Amino acid sequence: MPNASHVLDRVLVLEMVRVTEAAAIAASSLIGRGDEKAADHAAVEAMREALNQLYMDGTVVIGEGERDEAPMLFIGEKVGSAIGKGPKIDIALDPLEGTTITAKAGPNALAVLAVAEEGCLLNAPDVYMDKIAVGPGYPQGVIDLNKTPTENIQAIAAAKGVQPSEIIACVLDRTRHEKLIAELREIGCGIMLIPDGDVAGVIATSDPDTTIDVYMGQGGAPEGVLACAALRCVGGQFQGRLVFRNEDERARARKWGIEDLDKIYSLDELAKGDCIFAATGVTDGSLLAGVKRVKGKMTTESVVMRASSGTVRWVKGEHRID
């Protein structure tokens, strides 16, 4: 268990929830409207405004993209009301994890935020990452990206004391996963296919109620860092390896200081030290209920976690509509 950070003590845990609540509420007005960009823009604006009200010297290390791709909450952007004098905080965020989900009114869209002391969150380039994750309770080293999906499922099943056919894997429903899905089905493994939202997919491994034992497959590297911040708080194991499709993506990784392009990252290398993770549901999902509008108010459901204490708080909010 990491030591509590005095720096993070200045950024109260519940303040993080207010930030994700603001983004979720803003995005919720565009649920089912078919406009991904408008939903994302609303969430970004609301999250940025909320972050700028906090007493901190914050730097976005995982954000909406590089400056030329994102006008707000870009990688390297400074946020907070005490730039140059407040506690230095690294911030990883996804104001709307599941833009397509929101536009189509599907499940599991979230507003997500993780904070840590300066230098504790990997500056992950916006490329794909091979991922495998399990929740707490397994012997260290039970998962290994150098092994085949079959070998990993067999190791998880053996550690759990069940047959591979009793294991359920969560996988993004993508064409690139056809071989992975075929191999898992060949050994009888159950598969929960999700349309988007692999942060929620990774976190789901830590909650027995989801029945998901393992997350496997390729998703965004920035989302991998966010998910690791959550697993640092609740326990679990994660391995990730960056995937590069062209030389431009390799150059982008080197720009952020990544030299070993084949490195397999552990949980503690992606998110280390004390971390705070917060998420608010935008649409209903396995992790959180979405934003609801009833009788002059809106309701939200959030989760906030801290690594140093292992504390997980579930927060239900009521927000008056003026």
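See above for the structure.
Residues numbered from 1 in each chain as written. Predicted model: local features only at pLDDT ≥ 70, side-chain atom pairs only at ≥ 80, totals over all residues. Heavy atoms only, no water.

(A) Looking closely at the nonpolar core. Core analysis: the biggest nonpolar cluster contains 51 residues, and Phe238, Leu242, Leu270 and Phe277 have the highest contact counts within it. If we ignore the near neighbours within four places in the chain, the residues touching Leu242 are Pro125, Val127, Tyr128, Met129, Ala221, Ile258, Leu261, Lys263 and Tyr265. In this structure, Met16, Val17, Ala43 and Val291 belong to the second largest nonpolar core, which totals 40 residues. (Core = buried A, V, L, I, M, F, W, Y, C linked by side-chain atoms within 4.5 Å. Buried < 20%, exposed > 50% of the residue type's maximum accessible area, 1.4 Å probe, protein only. Contact = heavy atoms within 4.5 Å.)

(B) Expanded view of the pairing of strand β3 (residues 88-97). Where burial is concerned, most of β3 is hidden: nine out of the 10 residues are buried. Relative to β3, strand β1 (residues 57-62) runs parallel, the two being bridged by five bridges. Pairing of Ile62 across the sheet is with Ala92, part of β3. Bridging between β3 and strand β4 (residues 110-117) involves seven bridges; their strand directions are antiparallel. The partner of Asp94 across the bridge, within β4, is Val112. (Helix = DSSP H or I, 4+ residues; strand = E, 2+ residues; numbered from the N terminus. Pairing = 2+ DSSP bridges.)

(C) Just the packing of helix α2 (residues 13-28) against helix α3 (residues 36-51), in detail. Look at α2 against α3: their axes get within 7 Å of each other, and the N-to-C directions meet at 155°. Overall, the two elements α2 and α3 adopt an arrangement that is roughly antiparallel. Where α2 crosses over α3, the handedness of that crossing is right-handed. Together, Val19, Thr20, Ala22, Ala23, Ala26 and Ala27 of α2 and Ala39, Ala42, Ala43, Ala46, Met47, Ala50 and Leu51 of α3 make up the contact between the two elements. Each residue belonging to the contact of α2 with α3 can be placed in one class, and the counts come to 12 nonpolar, one polar and no charged. (Axes fitted to C-alpha atoms, helices over the stretch in contact; angles between N-to-C directions. Parallel < 35°, antiparallel > 145°, perpendicular 65-115°, else oblique. Left-handed = near helix turned anticlockwise from the far one by under 90°. Nonpolar A, V, L, I, M, F, W, Y, C, P; charged D, E, K, R; others polar.)

(D) Summary view of the pairing of strand β5 (residues 128-134). Most of β5 is tucked away: five of the seven residues are buried. One ladder, built from seven bridges, connects β5 with strand β8 (residues 214-220); its direction is antiparallel. Pairing of Met129 across the sheet is with Gly219, part of β8. As judged from the seven bridges shared by β5 and strand β9 (residues 237-243), these two strands associate in the antiparallel manner. Paired with Ile132 across the bridge in β9 is Gln239.

(E) Region of the structure containing the layout of surface pockets. In this structure, the largest pocket spans a volume of roughly 1,000 Å³. Around the largest pocket, the lining comprises 39 residues; the ones closest to its centre are Asp94, Leu96, Thr99, Asp126 and Glu223. Counting residues per element, the lining of the largest pocket draws most heavily on α3, which supplies five residues. Residues of the lining of the largest pocket, tallied by class, amount to 14 nonpolar, nine polar and 16 charged. Put simply, the second largest pocket is a space of about 260 Å³. Secondary structure elements with two or more residues in the lining of the second largest pocket: β5, α5 (149-160) and β8. Here the lining of the second largest pocket is built from residues that sort into five nonpolar, five polar and six charged. (1 Å grid on protein atoms, 1.4 Å probe; cavity = no way out; pocket = protein on both sides within 12 Å on 5 of 7 lines; lining within 4 Å. Points joined across faces, edges and corners; volume = space filled by probe spheres on them.)

(F) Highlighting the packing of aromatic side chains. Tallied over the entire structure, the rule returns zero aromatic pairs. Cation over ring: Lys263 sits above Tyr265, and NZ or CZ is 5.4 Å from the ring centre. (Phe/Tyr/Trp six-rings, centres within 6.5 Å; stacked < 30°, edge-to-face > 60°. Lys NZ or Arg CZ within 6 Å of the ring centre and 35° of its normal.)

(G) Main features of the packing of α5 against helix α6 (residues 178-186). Orientation of α5 relative to α6, taken along the N-to-C sense of each, is 45°, at an axis distance of 9 Å. In terms of axis orientation, α5 runs oblique to α6. Between α5 and α6 the crossing geometry is right-handed. Two secondary-structure elements touch here, α5 through Pro149, Thr150 and Ile153 and α6 through Leu180, Glu183 and Leu184. When grouped by side-chain class, the residues that make up the contact of α5 with α6 number four nonpolar, one polar and one charged.

(H) Up close: the pattern of salt bridges. Following the criterion strictly, the structure yields 17 salt bridges and no others. One salt bridge in this structure joins Arg252 and Asp248, with 3.6 Å as the shortest N-O distance. Of this pair, Arg252 and Asp248 both sit in helix α9 (residues 247-255), separated by four residues, roughly a single helical turn. Judged by relative accessible area, Arg252 falls into the buried class, the value being 17%. Counted as one network, the salt bridges with shared partners bring together Asp57, Lys78 and Lys88. (Salt bridge = Lys/Arg side-chain N within 4 Å of Asp/Glu carboxyl O.)

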